[in-house]
Amino acid sequence: MDHSGHGMNMDLPPFTLGRGLVWSADPFFLVGCLLALALYGWGVVRLVRRGDSWPVTRTIAYVVGVLTIGLVMCTRLNDYGMVMFSVHMVQHMVISMLSPILLLLGAPITLALRALPVAAQRGKKGPRELLLMLLHSRYMRIITHAAFTIPLFIASLYALYFTPLFDFLMGSKTGHLAMMVHFLAVGLVFFWPIMGVDPGPNRPGYVMRMLELFAGMPFHAFFGIALMMASTAMVGTFDNPPASLGIDPLSDQVAAGGIAWAFSEVPSVLVLLALLLQWKKSEDRQARRKDRAADRDGDAELTAYNAYLASLNARGQ
């Protein structure tokens, strides 16, 4: 099988940022992005009309997340990603790490649960009830558990790029599309329980979430280093780039490895900051609850503790 172009126009100009980002939409991702924006917009409008509020920051995060998918799948970046390893790696890293984090910061499940109408009749199942059933299903508990998500996250790199599977998938547009959808799905199920913005079947504590985050990142960094250190081409797809690009396949592979290695750090910092912020908000809420309880009962907990200390002191005397 010829992996040097897959039926594409081989007269691609040298890739530059100014000339490269030309509209070249993948229909599947274009429709998906527009649908995702429309549904989210419908949810926000529904809440606002009802008199409820929805954080602007969440809307911005979600929209930017969808736009990052559009950037790598609906521009000429997608065409170059079929013949240049480095551009493909940018696509992979964005759609599997950056896009999922931004989408999850937008809390789409929380928005859906608040915006979807409740079933008209008791005992019937409307869209909201079906979503709740899915969230509480055994299937969701399995695919969002760390014992599943971390190995899947790691295998999506090593089992794909270091086996003939990658060349097979890149041999057709359908295979390439399936691979990109897989990257996005893996990123979403990996970061969903860690981010903890939306409700889910698995909600570990903050320390455990940080451990889950850092459990996968070293493997990601090592994957990038392995590509950079390799003295031969690791995948056949990018062996014969179009002559018009004027690139050396091995140098391009080194660049791809550097991108993979660098990207393992950026999302970690983003997620860690989000986690620390959530942790602080959680502690503040708990402190406010205790203060309200103290106001209601005249700080009975403190009075009881002081009485206990006084009894110990009396016993000691």
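Everything below is about the structure shown above.
In short, a report on the structure.

What counts and what doesn't
- Residues numbered from 1 in each chain as written.
- Predicted model: local features only at pLDDT ≥ 70, side-chain atom pairs only at ≥ 80, totals over all residues.
- Heavy atoms only, no water.
- Axes fitted to C-alpha atoms, helices over the stretch in contact; angles between N-to-C directions.
- Helix = DSSP H or I, 4+ residues; strand = E, 2+ residues; numbered from the N terminus.
- Parallel < 35°, antiparallel > 145°, perpendicular 65-115°, else oblique.
- Left-handed = near helix turned anticlockwise from the far one by under 90°.
- Contact = heavy atoms within 4.5 Å.
- Nonpolar A, V, L, I, M, F, W, Y, C, P; charged D, E, K, R; others polar.
- Buried < 20%, exposed > 50% of the residue type's maximum accessible area, 1.4 Å probe, protein only.
- 1 Å grid on protein atoms, 1.4 Å probe; cavity = no way out; pocket = protein on both sides within 12 Å on 5 of 7 lines; lining within 4 Å.
- Points joined across faces, edges and corners; volume = space filled by probe spheres on them.

1. As for the packing of helix H9 (residues 146–161) against helix H11 (residues 173–195)
The description of two packed helices rests on the angle between their axes and on the distance between the axes. The interhelical angle for the contact between H9 and H11, taken along N-to-C directions, is 155°, at an axis separation of 9 Å. As judged from the angle between their axes, H9 and H11 are roughly antiparallel. H9 and H11 meet at a crossing whose hand is left-handed. On H11, the residues that touch Thr 149, Ile 150, Leu 152, Phe 153, Ser 156, Leu 160 and Tyr 161 of H9 are Met 179, His 182, Phe 183, Val 186, Val 189 and Phe 190. Of the residues that constitute the contact of H9 with H11, the class distribution is 10 nonpolar, three polar and no charged.

2. Remarks on helix H6 (residues 108–115)
Of the residues making up H6, those classed as buried are Ile 109, Thr 110, Leu 111, Leu 113 and Ala 115. For H6, the secondary structure elements touched by its buried residues are helix H2 (27–50), helix H3 (56–73), helix H7 (127–135) and H11.

3. Comments concerning the layout of surface pockets
A probe as big as a water molecule, rolled over the atoms, marks out the empty space that is left. By volume, the largest pocket is sized at about 1100 Å³. At the level of elements, H2, H3, helix H5 (85–105), H6, H7 and H11 are the ones that each hand at least two residues to the lining of the largest pocket. No other element matches H2, which puts 10 residues into the lining of the largest pocket. Classifying every residue of the lining of the largest pocket by side-chain character gives 29 nonpolar, two polar and one charged. As for the second largest pocket, its lining consists of 15 residues, and the residues nearest its centre are Arg 58, Val 197, Leu 277, Gln 278 and Lys 281.

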